[in-house]
Structure formats: C-alpha cells, structure tokens
Amino acid sequence: MRQLRAQAWMHNRVRMVVASFLVKDLHIAWQRGAAHFMDRLVDGDVPQNQLNWQWVAGTGRDAAPYFRVFNPVTQGRTFDPDGMYVRRWVPELRDVPGGAVHEPWKLPDGVPAGYPERVVDHAREREVALADHARRPT
Ligand SMILES: Cc1cc2nc3c(=O)[nH]c(=O)nc-3n(C[C@H](O)[C@H](O)[C@H](O)COP(=O)(O)OP(=O)(O)OC[C@H]3O[C@@H](n4cnc5c(N)ncnc54)[C@H](O)[C@@H]3O)c2cc1C
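All values derive from a computational prediction rather than experimental measurement.

Observations regarding helix H4 (residues 46–57)
For H4, spanning 12 residues, the distance from its first C-alpha to its last is 16 Å, which sits close to the expected 16 Å at 1.5 Å a residue. Those residues of H4 that sit buried are Asn49, Trp53, Gln54, Val56 and Ala57. Projected down its long axis, H4 carries its buried residues within an arc of 160°, all on one side. Those residues of H4 that are exposed and aimed more than 90 degrees away from the buried face are Pro47, Gln48 and Leu51. Near the N-terminus of H4, the side chain that reaches the backbone nitrogen of Gln48, with its oxygen 3.1 Å away, is that of Asp45.

Things to note about the nonpolar core
Core analysis: the biggest nonpolar cluster contains 14 residues, and Leu4, Met10, Val18, Val23, Trp30, Phe37 and Trp53 have the highest contact counts within it. Breaking this core down by element, the ones donating at least two residues are helix H2 (12–25), helix H3 (30–40) and H4. The element contributing the most residues to this core is H2, with 5 residues. Residues within four places of Phe37 in sequence aside, it is in contact with Met1, Leu4, Met10, Arg15, Val18, Asn49 and Trp53. Val90, Leu93, Val96 and Leu107 belong to the second-largest nonpolar core, a separate cluster that totals 6 residues.

Details of the layout of surface pockets
Here the largest pocket defines a volume of roughly 1500 Å³. Lining of the largest pocket is provided by 43 residues; of these, Val17, Phe21, Pro72, Val90 and Tyr115 occupy positions nearest its centre. For the lining of the largest pocket, the elements supplying multiple residues, two or more each, are helix H1 (2–7), H2, H3, helix H5 (72–79), helix H6 (84–89) and helix H7 (122–135). Among the elements that line the lining of the largest pocket, the one with the most residues is H2, at 7 residues. Its residues placed into classes, the lining of the largest pocket shows 26 nonpolar, 9 polar and 8 charged. By volume, the second largest pocket amounts to about 210 Å³. Along the wall of the second largest pocket there are 14 residues; nearest its centre are Asn12, Arg15, Gln48, Asn49 and Asn52. For the lining of the second largest pocket, the secondary-structure elements that each account for two or more residues are H2 and H4. With 5 residues, the top contributor of residues to the lining of the second largest pocket is H4. Here the residues of the lining of the second largest pocket sort into 6 nonpolar, 5 polar and 3 charged.

A word on the packing of aromatic side chains
Taken as a whole and assessed by the stated rule, the structure comprises 2 aromatic pairs. Ring centres 5.0 Å apart and planes at 75° place the aromatic pair Phe37 and Trp53 in the edge-to-face group. Taken as a pair, Phe37 in helix H3 and Trp53 in helix H4 lie far apart in primary sequence, 16 residues in all. Overall, Phe37 belongs to the buried group, its relative accessible area being 3%. Residues Tyr66 and Phe67 carry aromatic rings whose centres are separated by 5.4 Å and whose planes lie at 80° to one another, so their mutual orientation is edge-to-face. Here Tyr66 falls in the partly exposed class, since its relative accessible area comes to 37%. A cation over an aromatic ring shows up here: Arg13 above the ring of Phe79, its NZ or CZ 4.0 Å from the ring centre.

Criteria and cut-off values
- Residues numbered from 1 in each chain as written.
- Predicted model: local features only at pLDDT ≥ 70, side-chain atom pairs only at ≥ 80, totals over all residues.
- Heavy atoms only, no water.
- Helix = DSSP H or I, 4+ residues; strand = E, 2+ residues; numbered from the N terminus.
- Expected span 1.5 Å × (residues − 1).
- Buried < 20%, exposed > 50% of the residue type's maximum accessible area, 1.4 Å probe, protein only.
- Arc of directions from axis to C-beta.
- Polar contact = N/O pair within 3.5 Å; in protein donor to acceptor, adjacent residues only side chain to side chain.
- Core = buried A, V, L, I, M, F, W, Y, C linked by side-chain atoms within 4.5 Å.
- Contact = heavy atoms within 4.5 Å.
- 1 Å grid on protein atoms, 1.4 Å probe; cavity = no way out; pocket = protein on both sides within 12 Å on 5 of 7 lines; lining within 4 Å.
- Points joined across faces, edges and corners; volume = space filled by probe spheres on them.
- Nonpolar A, V, L, I, M, F, W, Y, C, P; charged D, E, K, R; others polar.
- Phe/Tyr/Trp six-rings, centres within 6.5 Å; stacked < 30°, edge-to-face > 60°.
- Lys NZ or Arg CZ within 6 Å of the ring centre and 35° of its normal.

What follows is the structure, given as structure tokens:
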C-alpha cells in the first residue's frame, strides 16, 4: 500500500495479494478496495480494475475459484524470497534478515519497534471466508 501511495503503481502479483487479503482475510467488500485502487493507480481503468477485483473475490463471470485464497506469507516467500521488496517499503523491518521479514511475529525478540502486531491469523480468516462462501445462495 505504501508503494501504491508513493508510485501510483504495483506489480500484478501484489495487486492480487492485496485484493485477496482485503476480501478474504479482512472480509471487506471488494468494491471498497476497487475504489481505492481507482483513486490511486496511474493505470486505473474501470474494466481492468473492477473485473480483476471480482476475479480475486470470486464473484465475476470469469472468476478465480472462490476457494482460492492467497496466502500472503507463501506469496512473499515464493516471489520475494530474500525479503528485498518488503524491506524497501517497510523500513521498520530493515534489520530483519532474509525471508524472516514475511513472518515478523515469529522473530525471537518479537516484532521490531514501530511495527504492529499482526491484525489477523490468516489460517483462521481463510476458514471464515470459505464458510461464508459456502453459505451463499448459488
Ligand atoms: C486487483 C487488481 C486490480 C487491477 N487494476 C488494474 C487497472 O486498474 N488497470 C490495468 O491496466 N490493470 C489492472 N490490473 C491488471 C494488472 O495488474 C496490470 O495490467 C499490470 O500490473 C500491468 O503491468 P505491466 O504494464 O508491467 O504489464 P505486464 O505484467 O508486463 O503484462 C503485459 C500486459 O498484459 C496486461 N495484463 C497483465 N496482467 C493483467 C491482468 N491481471 N488482467 C488484465 N490484463 C493484464 C496489461 O495490459 C499489460 O500491459 C489489476 C490487477 C488486479 C489483480
């Protein structure tokens, strides 16, 4: 989100992770995230943006399966294995070595000063999101 604010751009991978986190971990309507992206993105484009948000949320005509929930830690460890991207945008974690930046709550001394405790437990919120989808009328 800091990159979006600073550069008005984010790589597609990060857009997908952000969208999945908002919708499936925080359980916030995709339209709110889509509106924020439209306000900020230099390439903001209604069809691209709204349909990509719906793809992630699992609500579009050409959607990802609703049970696909991006795991932010796995995504980070796979696509930012040394944690360089995170350290660039989250200077509070600049002294955390390597891929450990992806799970700062597991550091032996706890999260570094100035960095918040995690706001959700991904494994738990994933289950909530899946149960929520299962209850929806088809
Ligand atoms: C939640 C979310 C919101 C998005 N909002 C927008 C938006 O407002 N405007 C926008 O142009 N793109 C949007 N995208 C698609 C994608 O992120 C951008 O097109 C991509 O980041 C462009 O980067 P690039 O120019 O380096 O292209 P590359 O990654 O090199 O890809 C080449 C071309 O393919 C197209 N492309 C790549 N990924 C996608 C994709 N997921 N969907 C459709 N076309 C794609 C683009 O036209 C791009 O120019 C969004 C994706 C997500 C997940």
